[in-house]
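Listed below, chain by chain, are the residues.
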Amino acid sequence: MNLENRENFLNKLAAKMGRPRQLVPAPMEAPVNDHPTTRLTHLSQNELCNEFMNFAKVLLVDVVETKEADVAQAVVDVCEKYGGSSIVLNNDARLENLGITSAVTEKFDSYVWDFSKGEENIAKSAVANIGIVYGEYGLAESGGIVLFATKDNGRSTSLLPEKSIVVVRKSTVLPRVAQLAQILHEKAQAGERMPSCVNIISGPSATADIELIKVVGVHGPVSKIYVVIDDL
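On a predicted model such as this, the values are computed, not experimentally measured, just so you know.

The secondary structure content of the chain amounts to nine helices and 12 strands. Taken against the 2.2 N^0.38 rule, which gives 17 Å for 232 residues, the C-alpha radius of gyration of the chain at 23 Å runs more than 25% over that of a compact globule. Expressed as a percentage of contacts within the chain between residues at least 6 apart in sequence, the contacts between residues at least 24 apart total 73%. Accessible surface, the chain: about 13300 Å² in total, of which carbon and sulfur atoms supply 54%. Of note, the chain has its 23 positive side-chain charges centred 7 Å away from the centre of its 29 negative side-chain charges.

As structure tokens, then:
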């Protein structure tokens, strides 16, 4: 359809509807409230963390609190609880600095994500019993975890193994998605390299599409575990 035909078509359509064509977008209505940006922001950081962990438990997440000095052992204990066996970890310096990578690889059959190995990373993740990643942020409103995908932090590590362990700090818990969007906006404005993907994951995979009956583990991890570092 060329421009002239398009204009004729739209004019006829407007005439049939009994009103002139609207060529200028209508202004957005004033918001009813400011809840999208202010909800939960009145809470202290400790209160936000409690909201985050309580909501996560409702979503069937196993929440383990620990101090930074004990986090490596806490992760090893969780791995043992959930069957150990084959484990895949992201090649994240934060996991290494916390002693988690070395503690897990010494005790279990483990694989660390290697960008140079391409599809092998996905294949290893697909057969792993447990995947271990570091969460960028927690979201108090939904009990969700925010993960950034980079060359050393693959999405497969958290999505393909049967169980998924996420390490997250209490100091990085945000009220809701609005605050995450603001952080990403500021990163973009500062010219920082953005993650190739931003995943917000709330609990183990589940669906309630069929007769509103919730079924867990349909299209991803059957178990989700948050190891929460108390750094406040």
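This part is about a nonpolar patch on the surface. Together, F9, L13 and M17 make up an exposed nonpolar region whose accessible area comes to about 300 Å². Relative to the helices and strands, F9 is located in helix α1 (residues 3-17). Residue F9 is classed as partly exposed on the basis of its relative accessible area of 46%.

What follows concerns unusual backbone geometry. In the Ramachandran plot, L60 falls in the positive-phi region, its phi being about 70° despite a non-glycine side chain. Residue position: L60 is located in the loop between α3 (45-58) and β1 (62-66). Here L60 falls in the exposed class, since its relative accessible area comes to 51%.

Secondary-structure assignment places K124 in helix α7 (residues 119-127). Accessibility expressed as a relative area gives 37% for K124, which makes it partly exposed. When the C-alpha atoms of K124 and Y111 are compared, they prove to be 7.4 Å apart, with 13 residues separating the residues in sequence.

On inspection of all chains with the given rule, the structure shows two aromatic pairs. For the pair Y137 and F148, a centre-to-centre distance of 6.3 Å together with 65° between the ring planes defines the contact as edge-to-face. Taken as a pair, Y137 in strand β5 (residues 137-139) and F148 in strand β6 (residues 144-149) lie far apart in primary sequence, 11 residues in all. Each member of the pair, Y137 together with F148, is buried.

Now for the layout of surface pockets. Roughly 290 Å³ of volume is contained in the largest pocket. Taken together, E136, F148, A149, T150, K151, D152, K187, E192, R193, M194, P195 and S196 make up the lining of the largest pocket. Residue classes in the lining of the largest pocket are distributed as four nonpolar, two polar and six charged.

Relative to each other, helix α4 (residues 71-81) and helix α6 (residues 100-107) sit at 35°, their axes nearing to 8 Å. Pair α4 / α6 crosses with right-handed handedness. Judged by residue contacts, V71, A72, V75, V76 and E80 of α4 engage I100, A103, V104 and K107 from α6. Class assignment for the residues of the contact of α4 with α6 results in seven nonpolar, no polar and two charged.

What counts and what doesn't
- Residues numbered from 1 in each chain as written.
- Predicted model: local features only at pLDDT ≥ 70, side-chain atom pairs only at ≥ 80, totals over all residues.
- Heavy atoms only, no water.
- Helix = DSSP H or I, 4+ residues; strand = E, 2+ residues; numbered from the N terminus.
- Rg over C-alpha atoms; globule rule 2.2 N^0.38 Å.
- Contact = heavy atoms within 4.5 Å.
- Areas by Shrake-Rupley, 256 points an atom, 1.4 Å probe, with all protein chains shown as cover.
- Lys, Arg positive; Asp, Glu negative; His and termini not counted.
- Charge placed at Lys NZ, Arg CZ, Asp CG, Glu CD.
- Patch = residues over 30% accessible without salt bridge, like charges linked within 9 Å, V, L, I, M, F, W, Y side chains within 5 Å.
- Salt bridge = Lys/Arg side-chain N within 4 Å of Asp/Glu carboxyl O.
- Buried < 20%, exposed > 50% of the residue type's maximum accessible area, 1.4 Å probe, protein only.
- Phe/Tyr/Trp six-rings, centres within 6.5 Å; stacked < 30°, edge-to-face > 60°.
- 1 Å grid on protein atoms, 1.4 Å probe; cavity = no way out; pocket = protein on both sides within 12 Å on 5 of 7 lines; lining within 4 Å.
- Points joined across faces, edges and corners; volume = space filled by probe spheres on them.
- Nonpolar A, V, L, I, M, F, W, Y, C, P; charged D, E, K, R; others polar.
- Axes fitted to C-alpha atoms, helices over the stretch in contact; angles between N-to-C directions.
- Left-handed = near helix turned anticlockwise from the far one by under 90°.

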